[in-house]
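Geometric and topological summary
Next come the chains, spelled out residue by residue.
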Amino acid sequence: MRISTITNWAYGITVVLTALSGTAFIMSSSAAIDERAAVEEHLVLDSLAEELALGAEVRTDEARLYVMRGEERNLQAFHAEEKSERRREAAALKLVSQGLKPAEAEALEKIDKVVEELAKIETAAVETFQNGDRGDAQRLVFGPDHARLHETLLAEVFHFRDLIAARTQAQLETSRSRSDVWSFLAKIMLAVTAALFLACCISSCGGV
C-alpha cells in the first residue's frame, strides 16, 4: 500500500478518534453536571425538612408564650408562622408529587402530618386561652400529647434527612464513577490520536 494511502487513512482515523474523544469529554462533563444536580436536590430537600421542623418549633414557642403572657404580639407571630407553615407544607407536598422515592415521600408525608397535629393542639390552646381558660390552654401546649408529637416530628425529620443523604451519596458515587470512566476513555483516545498524528507526520516526512 502506498504511503499516501496509509497517510490518508491515518488522518481519517485521527479525525474519528478526535470526535470520539470529544464525545467522551462531553459525557464526562454531563456526569459532573449530574453530580451538581444531586447535591442541589439534597440541599433543597434537607433545607425543607429543617424549615418544617424549625417552623413548628417557632410556632410552638409563640403559642406557649401567648398562653403564658397573653400578649398580642405573640398571637400575631403565631398566626404569621401558621401561614408560613402552610406554604412549607404545600412545597413539601409538591415535592412528594414530583417523584421522590416511596420511603422519602412517606417520611415527608409523616412530617407534614405531625406538623398538622401539633398545629391543631396549639390552635386549640390559643382558642381555649381566648375563651378565658388559661389553665387548660397551658396544659394543651405543655402536656404529654404535645411533647410526644414534638419528639415524633424531630425523629421523622432526622429519618427523612438520612434517607436523602443516603440517596444523594449513591447518586454521587454513580456519577463520579461514570465521569471517571468517560474521562479515562477520552484521555486514552487523545493519546492514541496524538500518537497516530505523529506517526502520520513521520510517514509524510519519510515519503518526501
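Residues numbered from 1 in each chain as written. Predicted model: local features only at pLDDT ≥ 70, side-chain atom pairs only at ≥ 80, totals over all residues. Heavy atoms only, no water.

1. A look at the overall build of the protein chain
The helix and strand tally for the protein chain stands at five helices and zero strands. Scanning the protein chain from its N terminus toward the C terminus, one meets helices and strands in the order α-α-α-α-α. The buried share of the protein chain, taken over its 208 residues, is 36%. Long-range pairs, those at least 24 residues apart, make up 82% of the contacts in the protein chain with a sequence separation of at least 6. In the structure as shown, the protein chain presents an accessible area of about 12100 Å², 61% of it carried by carbon and sulfur atoms. (Helix = DSSP H or I, 4+ residues; strand = E, 2+ residues; numbered from the N terminus. Buried < 20%, exposed > 50% of the residue type's maximum accessible area, 1.4 Å probe, protein only. Contact = heavy atoms within 4.5 Å. Areas by Shrake-Rupley, 256 points an atom, 1.4 Å probe, with all protein chains shown as cover.)

2. Remarks on the side chain of Glu82
With respect to the helices and strands, the residue Glu82 is situated in helix 2 (residues 72-97). Ignoring sequence-local partners within four residues, the contact set of Glu82 consists of Arg59 and Thr123.

3. A look at the confidence of the model for the protein chain
Any residue range with low pLDDT should be treated as having predicted coordinates unsuitable for detailed reading. The predicted model of the protein chain has a mean per-residue pLDDT of 77, with 61% of residues at 70 or higher. Per-residue pLDDT, averaged within each element of the protein chain, yields its smallest value for helix 1 (residues 3-69) (71) and its largest for helix 4 (residues 134-142) (94). (pLDDT = per-residue confidence, 0-100.)

4. Observations concerning the packing of aromatic side chains
Evaluation of the coordinates by the stated rule reveals one aromatic pair. Between Tyr66 and Phe129, the ring centres sit 4.9 Å apart and the planes meet at 65°, which makes this aromatic pair edge-to-face. Linking Tyr66 in helix 1 with Phe129 in helix 3 (residues 102-130), this pair joins segments that are 63 residues apart in sequence. (Phe/Tyr/Trp six-rings, centres within 6.5 Å; stacked < 30°, edge-to-face > 60°.)

5. Description of the pattern of salt bridges
Under the counting rule described, the total for this entry stands at seven salt bridges. With its nearest N and O atoms 2.8 Å apart, the salt bridge here joins Arg73 to Glu71. A relative accessible area of 53% means that Arg73 is categorised as exposed. (Salt bridge = Lys/Arg side-chain N within 4 Å of Asp/Glu carboxyl O.)

6. Digging into the nonpolar core
Of all hydrophobic cores here, the largest spans 21 residues; its most connected members are Leu52, Leu108, Ile111, Leu153, Val157 and Phe160. Secondary-structure elements contributing two or more residues to this core are helix 1, helix 3 and helix 5 (144-207). With eight residues, the top contributor of residues to this core is helix 3. When near neighbours in sequence (up to four residues on either side) are disregarded, Leu52 contacts Glu85, Arg88, Glu89, Ala92, Leu108, Ile111 and Val115. (Core = buried A, V, L, I, M, F, W, Y, C linked by side-chain atoms within 4.5 Å.)

7. Observations regarding helix 3
The terminal C-alpha atoms of helix 3 lie 42 Å apart, and with 29 residues this matches the ideal 42 Å at 1.5 Å per residue to within 8%. Once helix 3 ends, the next one or two residues include Gly132, with phi positive near 95°. (Expected span 1.5 Å × (residues − 1).)

8. Regarding the packing of helix 3 against helix 4
Following both chains from N to C, one finds helix 3 and helix 4 inclined at 165°, their axes separated by 8 Å at the closest point. Here helix 3 lies roughly antiparallel to helix 4, going by the angle between them. You can see that helix 3 and helix 4 cross each other, and the crossing is left-handed. Of the residues in helix 4, those in contact with Ile121, Glu122, Ala124, Ala125, Thr128 and Phe129 of helix 3 are Arg134, Asp136, Ala137, Leu140 and Val141. (Axes fitted to C-alpha atoms, helices over the stretch in contact; angles between N-to-C directions. Parallel < 35°, antiparallel > 145°, perpendicular 65-115°, else oblique. Left-handed = near helix turned anticlockwise from the far one by under 90°.)

9. Comments concerning the side chain of Glu62
Counting through the fold element by element, Glu62 comes out in helix 1. As a buried residue without a salt bridge, Glu62 has its nearest oppositely charged side chain in Arg73, at a separation of 6.1 Å. Beyond its immediate sequence surroundings of up to four residues, Glu62 is in contact with Asn74, Ala77 and Phe78. (Lys, Arg positive; Asp, Glu negative; His and termini not counted.)

10. Concerning the environment of Thr60
One can find Thr60 in helix 1. Given a relative accessible area of 2%, Thr60 falls into the buried group. A C-alpha to C-alpha distance of 9.8 Å links Thr60 and Phe142, two positions 82 residues apart in sequence. If we skip the residues at most four places from it in the chain, Thr60 touches Glu122 and His146.

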